[in-house]
Amino acid sequence: MNYSTLLFLLSLVSLSLFSSNMSAQPDFKPNYDENKVPAYTLPNPLVFENGDAVKNQADWQQRRTEILQLFSSQVYGKTPSQSLDLRTKTLSTNQKVLGGKATRKEVRVFFTEQGTRPYMDILLFVPNGNNRPAPAFLGLNFYGNHTIHPDSSITLSDQWMRANEDFGIVDHRATEASRGVRVPRWPVETIIDRGYALATVYCGDIDPDKNDFQDGVHPIFYQANQQEPTNDEWGTIGAWAWGLSRALDHLQTEDAVNGDQIAVIGHSRLGKAALWAGAQDKRFAMVISNNSGCGGAALSRRAYGETVGRINHAFPHWFCDNFEQYNKNESSLPVDQHMLLALIAPRPLYVASAEEDEWADPKGEFLSAAHATPVYELLGKSGLPTTKFPPVDQPVTGTIGYHIRSGGHDINSYDWQQYLNFADQHFTTESP
Ligand code: GTR
């Protein structure tokens, strides 16, 4: 081979390397065309991996364990089983807030030693004068507890947060200007007036929302010299879900709260965390997913709006690394999100979408609830009482509730009204 032939061959090799590299560049353009949704077959929650049918409730408990393990190893990553000795400190109590209608409390939960990070602050409002311990809603918030209510005595978070100057978050820290910026998402007074308690925690207290596994709770569980979770260990959503269970541990010690009637709720990424928390922890008596979308309530196989590939690319820290195998390859997932919802059965579950929130695939969220229904039925519950996509602003409720609200990606008073109605329905008639 002469020199110029060699050069020519080398240039071909480098050209092909270059082009294969080009084709390896992520291309996660979202699809919003229903006609382009790929044909798909969902895995059946009522058939074991070995092909055997789930015939009764005892079989379901085994299948449930199998599905939980699949979500743990392939999607969210495994949650550590080691339990921690949590220490709590009451930061403040005011028995007369909201014109005397409620008691407000802040409790700091230390995950390791008293006085050191990481810790999370639970902000709790409980109605005064209930003649029984109050059922409660528990949800994470995006920008600190002080953003959900304007009261200036709520502790201003000093934890890292995503930058948002419009919300008074400057250089990743909350400023006084951020007090109350999320009030529209948290109708505290309405919740109290309806007889419910409300507890919230800033998600970044558990794990800041960035691709960094040196902060938050992950390092507590590392083996010697471990720097980050292994391929099948938990990501940030897994940590948030774990934190919700730790908040529940505490709420179950509050006399004024009914620990058997706690609904876990979350919007968007925090809705994904609420679902995963509710799936793993049966103590959550109700689960509410608001616009949780991809990796939440929406079916991954529809690949409509946000896809598995896109979410793993944009938020590499949310799921476990194994989940990346399913980028543009959803059909090989051993589970789909209807099975996450099925893990919540027979407990009441509410899934909500918003009409303009195509990114979260409203139809995929609805279908997921519909396909979880056979598991509810096996357990003697109604599941979602329809297979027809309901019109906008017309909730359908059985043991699973669903609505598609007019408007965009958000959680607003309309959504909360439905959750309060749903809780009234189930907490008075179905709980101990
Ligand atoms: C988006 C993300 C969604 C959803 C949303 C949110 O950027 O793609 O999956 O989690 O953020 O949390 O508001």
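Numbers given for residues are sequential positions, taken from 1 along each chain in its written order. Per-residue local features are limited, in this predicted model, to residues with pLDDT of at least 70; the limit for side-chain atom pairs, both in listing and counting, is 80 or more; totals at the level of whole chains, interfaces and linings are taken over all residues. As a rule here, side-chain values come from all non-hydrogen atoms in the structure, and water together with hydrogens is ignored.

Novice: Explain the pairing of strand β1 (residues 87-97) to me, please; I cannot follow it from the model alone.
Specialist: Sheet faces and side chains relate simply in a regular strand, where the side chains alternate between the two faces. Sheet analysis places β1 next to strand β2 (residues 102-110), joined by eight bridges and oriented antiparallel. Bridge pairing links V97 to A102 in β2. Two successive antiparallel strands, β1 and β2, enclose a turn made up of four residues, where L98 displays a positive phi of approximately 50°. Strand pairing is assigned whenever DSSP identifies at least 2 bridges connecting the two strands. Helix numbers and strand numbers start at the N terminus; a helix is a DSSP run of H or I with at least 4 residues, a strand a run of E with at least 2.

Novice: Help me out: how do you make sense of the side chain of H149 in this one?
Specialist: Within the element layout of this structure, H149 appears in the loop between β4 (134-141) and β5 (169-170). With relative accessibility at 16%, the residue H149 sits in the buried group. Among residues more than four places away in sequence, those in contact with H149 are L98, F125, I154, G180, V183 and V188. Only protein chains enter the accessibility calculation, which uses a 1.4 Å probe; a residue whose area is less than 20% of its type maximum is buried, one above 50% is exposed, and one in between is partly exposed. Should any heavy atoms of two residues lie within 4.5 Å, those residues are considered in contact.

Novice: Even after reading the chapter, I still don't get the side chain of N31, so can you show me in this structure?
Specialist: Inspection of the secondary structure assignment puts N31 in the loop between α1 (3-24) and α2 (57-76). As used in this structure description, the phrase polar contact means that two N or O atoms lie within 3.5 Å; if the pair is within protein, one of them must be able to donate a hydrogen and the other to accept it, and residues adjacent in sequence are counted only when both atoms belong to side chains. A polar side-chain atom of N31 sits 2.8 Å from the main-chain amide nitrogen of D33. Look past the residues within four positions of N31 in its chain and what remains in contact with it is K36, V37, A303, Y304 and G305.

Novice: Help me understand the site of the ligand, please; the structure alone is not making it clear to me.
Specialist: Residues are counted as near a molecule or strand when any one of their heavy atoms sits within 4 Å of it. Close contacts around the ligand come from F142, S268, R269, K272, E306, I311, F315, W318, W359 and H409, and that covers them all. Measuring from an oxygen atom of the ligand, one finds a side-chain N or O atom of K272 at 2.8 Å. The separation between an oxygen atom of the ligand and a polar side-chain atom of W359 is 2.9 Å. In isolation the ligand offers 310 Å² of accessible surface; the protein chains occlude 81% of this area. Of the residues that constitute the shell around the ligand, the class distribution is five nonpolar, two polar and three charged. Note on areas: these come from Shrake-Rupley sampling with a 1.4 Å probe, and a residue is covered only by the protein chains present in the view. Amino acids are sorted into nonpolar (Ala, Val, Leu, Ile, Met, Phe, Trp, Tyr, Cys and Pro), charged (Asp, Glu, Lys and Arg) and polar (every other residue, Gly among them).

Novice: Mind showing me how you'd approach α2 here?
Specialist: The α-helix winds at 3.6 residues per turn, so residues separated by three or four positions along the chain end up facing the same way. Capping the start of α2, N56 holds a side-chain oxygen 3.2 Å from the backbone nitrogen of A58, two or three residues further along. Looking one or two residues past α2, G77 carries a phi angle of roughly 90°, positive in sign.

Novice: Help me out: how do you make sense of the environment of E106 in this one?
Specialist: The topology assignment puts E106 in strand β2. Separated by 45 residues in sequence, E106 and Q61 have C-alpha atoms that sit 37 Å apart. For E106, the contacting residues outside a window of four places in its chain are K89, T90, L91, S92, I122, L123, S153, I154 and T155.

Novice: Where do I start with the nonpolar core in this structure?
Specialist: Side chains that are nonpolar tend, in soluble globular proteins, to be buried together. Counting residues in hydrophobic clusters, the biggest one holds 91 residues, and the most contacted among them are F71, I206, W240 and L349. Per-element tally for this core: the top contributor is helix α5 (residues 236-251), with nine residues. Contact partners of F71, with chain neighbours within four places excluded, come to Y76, G77, W276, V335, D336, Q337, M339, L340 and L343. Here, nonpolar core refers to any group of buried Ala, Val, Leu, Ile, Met, Phe, Trp, Tyr and Cys residues whose side-chain atoms link them within 4.5 Å. Grouped together as the second largest cluster of nonpolar side chains are 28 residues, Y196, A263, A352 and F427 included.

Novice: So what exactly am I meant to see when it comes to the sheet that holds strand β12 (residues 400-405) here?
Specialist: Through backbone hydrogen bonds, the strands of a sheet pair up, either in parallel or in antiparallel fashion. The strand order β1-β2-β3-β7-β4-β8-β9-β10-β12-β11 describes an open sheet built from 10 strands, whose pairing is mixed. On the outer flanks of this sheet lie β1 and β11 (396-397), each paired with one strand and no other. Helix axes use the C-alpha atoms of the stretch in contact, all axes being lines fitted to C-alpha atoms, and the angles between their N-to-C directions lie in the range 0 to 180 degrees. Each of β10 (349-354) and β12 is contacted by helix α9 (residues 362-378), which is oriented at about 170° to β12, the strand it contacts most.

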